[in-house]
Number of protein chains: 2
Amino acid sequence: MTAPQKAHVLLTETVKKGGCAAKLPAGDLSAALKSLRFRPLPELAVGADTMDDAALWDLGDDRYLIQTLDFFTPMIDDPHEFGAVAAANALSDVYAMGGQPKTALTILAFPSQVLSLDLLLPLMRGAVEKIEEAGACLAGGHSIDDDTLKLGFSVAGFVKKGEAWKNSGAKPGDTLILTKALGTGTISSALKNKQADPDWIRAAIASMTQLNRAPELLRGLTVNAATDITGFGLASHALHISRASQVNMEVMASRLPILPGAVDCLERKVLNRAHRTNADYVKEEVAYESGISEAMRWLTVDPQTSGGLLLSVPSEQTDLVLERLRARFPLAAAIGTVKTFSASYPSVRFTN
Amino acid sequence: MTAPQKAHVLLTETVKKGGCAAKLPAGDLSAALKSLRFRPLPELAVGADTMDDAALWDLGDDRYLIQTLDFFTPMIDDPHEFGAVAAANALSDVYAMGGQPKTALTILAFPSQVLSLDLLLPLMRGAVEKIEEAGACLAGGHSIDDDTLKLGFSVAGFVKKGEAWKNSGAKPGDTLILTKALGTGTISSALKNKQADPDWIRAAIASMTQLNRAPELLRGLTVNAATDITGFGLASHALHISRASQVNMEVMASRLPILPGAVDCLERKVLNRAHRTNADYVKEEVAYESGISEAMRWLTVDPQTSGGLLLSVPSEQTDLVLERLRARFPLAAAIGTVKTFSASYPSVRFTN
C-alpha cells in the first residue's frame, strides 16, 4: 500500500479531461450510430430520438417515470465537492423534464492503484448529501476498478403528465431563459492548467453544485420546452430544442449570464477539445452576428458541467418566471426569443 | 485518422481485466463506505443495504419499479457479441428480482484514440438486439471518451408486488437451484492469455449472451429468494442470500454445472485478481469439506460475467422448477439446500 503518497494526488491531475468535456463528440456519435435501428415500446413517451434530457415512460396512470444517467471524470480536486457536482449534474436531467428525482444508482469507476480508497467516503458523502438535498435517495449502483476516476448516477423520478417539460414544445414568441451562468468548461480547463483564480473556482463550484430545482418554483406557470446545458454547450442544446420543436431561435449574446473569469479565460484561449467539437457540431445551423467577439463565440459552445436549465416560456410570463427563479438562481436571465421556423435562416442565431 | 490500423485491435487486448472481474473488491468497498449514512425514502422497498440485485420502488399501486445498472470492460473480442453480453448481464438483475425489463439506458466509455468509431455500430447492435429480445427498449444513455472501452446499461423494469423475488426470503429446507454453468471468469482470462480452446470460448459466449428469462417460466411457482451470479462469484452471492435471509446453506460441489474447459483452466491456475479478492471476501464465512479440489474451490469464487440465477425454492417444487427451467437452461441444476441459521456453523458450506 502506498496510501500516504496516494492521498495527496489532485483529482484533476489523474485525468486528461474533466467533467462533461469528456463527452464523445455529438457529431461522431450520431454519424457512427445513424444506421442503428430501435423498436421503441408504446409506453416510451420520450426516447432517444429527440435528444431530450431523459426518457419518459408512461406508467399507465397520471404519471411518467423519468429516467436518465450521467457520469464523468473529475473537473475539480476536492472529492466531497466532486461528489456533489456529479450528483447535481445527474439529478439535473430529471428537473429538465419538470420532474422530481426519487432514486439514484451510483456509477463509479475507481482507480484503486492511483487513488487511496479513503477518498471514496468523502466522494460518496458529497454525492449522498446532494441526492438527499434533492429529496431523493441512493438506492444502489455499480463500481469497477479502472484507470481513471469516473462518477455519475442513474436517476429516476416522476412527473405528472400535464406538467412534463419536453424539449419539443417551444413556440414562436416564447422567451428563452437560462438559469445559471456559463463558463464552467473554460474555468475547469484553467484550473487544470493552474491558471484559475481561486475566486473563479469557488464561483464555478458553487454553480456546479447547485441543484436545478426549478420545477417546484414554477408550478402553475407554463414552460413550453426545457433542457439542461451539458458538455455539448448552450448552442448545441438550443439547436436540439429548435430541431425538436421545429422553430428558429435568436439569442442575445450580451444577455448571457457569465461566471467570473470565464471571458478572461476564453480571451486567453483556454479551451479543451469539447469547445472545438461543439463548434464543429453546430457550425452548419448556428450563426453569429458580426461584432460578437471570438471569446463570446467560444462561450456559446463552452462545455458545461452541471449547467443551468434553458427554458422556453410564453413571453407574457417572462417577468413572473424570472422573479420566481431568482429566489434561487440570482443570475437567471432572459437571453433570447423563439422565432417561427424558416429553413432560409440559421436554426439558432446569436445577436449582439 | 489511423482507422485501418485501429480496426484490427482485439477488444480484450485494450483492457487489463475484462468483464465482471473488473469489479472493485466487495470487501474494500464495504470497508471504505461503512460509515456512509443514507436516508432511504419510505417507498424504497429494497435499497442498497441488503446487497440485493436491484432496487425496488413502491409505485403506490400493485407494482414495484425495479432499477439496476451494470457495466464493464470487454472480456471477449467481437464487438457485436460483447454488446450482447453487456446487455444480457445488465438485464439479468431485473430477472433476478422476478421482473420484466422495459427500458435500458446506455453507459458507454469509448476509447476513440484506440478503437475505430466503426466498432460502435456492431457493439450497439449486439446490445439493442438483446434488449429487444428481452421485450425491452433502448431509451437513451450517456457516453464519454475514455482510455478503455466500457459498456453497460441502467435497466428499469416492473414486477407485481406478490411476485417479486428478493434475496432475503430463503427458508430452511429450500432447494438451491443454479440456472447456468460456472466458469466464465477463468475462461475469459484464458482467452486473454490465448490459452482458451475455441470450443470453450463459444460455450462461454453462448452462456453469457443468454438472457436470464426465468421469471416467465416459473409463474405460479414459489421462489423464496433469488439473485444472479456476478463478478463476486457463487460463494459471495450465496453468502449474501444467507445473510439477508438469516439462514445457512449447504452446496454440493459435485452438483455444480461447469462450462467446458473451466476446470482445466482452474487446474492450471488461470486466475485473475477477482478470484483472489472473492476468496478473501468469503473466507470467514464460507467453508469447504476436505476432499474438494483446489480447482473446485476456485470455481466457487470464479467471477461470473452474465452468470446464472441462484434460486431458493421449496423442496417439494424442485422437480417442477427444474423441468420448466430446462426448456431454456439445459444445465440448470439443484446444487444444495438451505439450513436453519446457526452461528456455530459457517454461513455457506461446500460439501462433496
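Residues numbered from 1 in each chain as written. Chains lettered and ligands numbered in written order. Predicted model: local features only at pLDDT ≥ 70, side-chain atom pairs only at ≥ 80, totals over all residues. Heavy atoms only, no water.

## Some words on the interface of chain A and chain B
So, step 1. Taken together, the contacts link 64 residues of chain A with 64 residues of chain B.
So, step 2. Together chain A and chain B conceal approximately 5700 Å² of surface at their shared face, both sides included; 65% is due to carbon and sulfur atoms.
So, step 3. Among the residues of chain A in contact with chain B, Leu24(A), Phe71(A) and His142(A) are the three that bury the most area, contributing 11% of the side total.
So, step 4. Summed over the shared surface of chain A and chain B, the result is eight salt bridges.
So, step 5. A salt bridge links Asp145(B) to Arg273(A), with the shortest nitrogen-to-oxygen separation between them at 2.5 Å.
So, step 6. The interface formed by chain A and chain B includes 15 residue pairs in polar contact (both at pLDDT 80 or more). (Contact = heavy atoms within 4.5 Å. Buried area = accessible area lost by both parts, 1.4 Å probe. Salt bridge = Lys/Arg side-chain N within 4 Å of Asp/Glu carboxyl O. Polar contact = N/O pair within 3.5 Å; in protein donor to acceptor, adjacent residues only side chain to side chain.)

## A look at empty space enclosed by the protein
So, step 1. The tally for this structure, following the rule as stated, stands at five cavities of 30 Å³ or more.
So, step 2. Looking at the largest cavity, its volume works out to about 70 Å³.
So, step 3. Taken together, Phe71(A), Ile107(A), Leu108(A), Ala109(A), Ile144(A), Asp146(A), Lys150(A), Phe71(B), Ile107(B), Leu108(B), Ala109(B) and Lys150(B) make up the full set of residues lining the largest cavity.
So, step 4. When contributions to the lining of the largest cavity are tallied by element, the ones reaching two or more residues are strand E4 (100-110) of chain A together with strand E4 (100-110) of chain B. (1 Å grid on protein atoms, 1.4 Å probe; cavity = no way out; pocket = protein on both sides within 12 Å on 5 of 7 lines; lining within 4 Å. Points joined across faces, edges and corners; volume = space filled by probe spheres on them. Helix = DSSP H or I, 4+ residues; strand = E, 2+ residues; numbered from the N terminus.)

## Description of the domain arrangement of chain A
All names here are of chain A.
So, step 1. Examined at the domain level, chain A breaks down into domain 1 (11-163) and domain 2 (175-351).
So, step 2. Each of domain 1 and domain 2 has a C-alpha centre, and these two points are 20 Å apart.
So, step 3. The interface is formed by 38 residues belonging to domain 1 together with 33 residues belonging to domain 2.
So, step 4. Applying the counting rule to domain 1 against domain 2 returns two salt bridges.
So, step 5. Of the charged contacts in the structure, one is a salt bridge between Arg219 and Glu163, with a shortest N-O distance of 3.6 Å.
So, step 6. Counting the contacts that link domain 1 with domain 2 gives eleven residue pairs in polar contact (both at pLDDT 80 or more).
So, step 7. Mapped onto the side of domain 1 that touches domain 2, the elements with two or more residues apiece are helix H2 (26-32), helix H3 (79-96) and helix H4 (120-133).
So, step 8. For the side of domain 1 that touches domain 2, the element with the highest residue contribution is H3, accounting for ten residues.
So, step 9. Its residues placed into classes, the side of domain 1 that touches domain 2 shows 17 nonpolar, nine polar and twelve charged. (Domains from an automatic or database assignment. Nonpolar A, V, L, I, M, F, W, Y, C, P; charged D, E, K, R; others polar.)

## Structural notes on helix H5 (residues 184-192) of chain A
Each turn of an α-helix holds 3.6 residues, which means side chains three or four residues apart point in the same direction.
Residues and elements named next belong to chain A.
So, step 1. With respect to burial, H5 is a largely interior element, eight of its nine residues being buried.
So, step 2. Summarising the contacts, the buried residues of H5 are in contact with helix H6 (198-209), helix H8 (262-267) and helix H9 (273-282).
So, step 3. In the segment just after H5, Lys194 is the residue with positive phi, at about 60 degrees. (Buried < 20%, exposed > 50% of the residue type's maximum accessible area, 1.4 Å probe, protein only.)

## Points about the pattern of salt bridges
So, step 1. What the rule picks out here adds up to 38 salt bridges over all chains.
So, step 2. Between Arg268(A) and Asp264(A) there is a salt bridge, with its nearest N and O atoms 3.1 Å apart.
So, step 3. The partly exposed category is assigned to Arg268(A), whose relative accessible area is 42%.
So, step 4. Accessibility expressed as a relative area gives 35% for Asp264(A), which makes it partly exposed.
So, step 5. With its nearest N and O atoms 2.6 Å apart, the salt bridge here joins Lys161(B) to Asp58(B).

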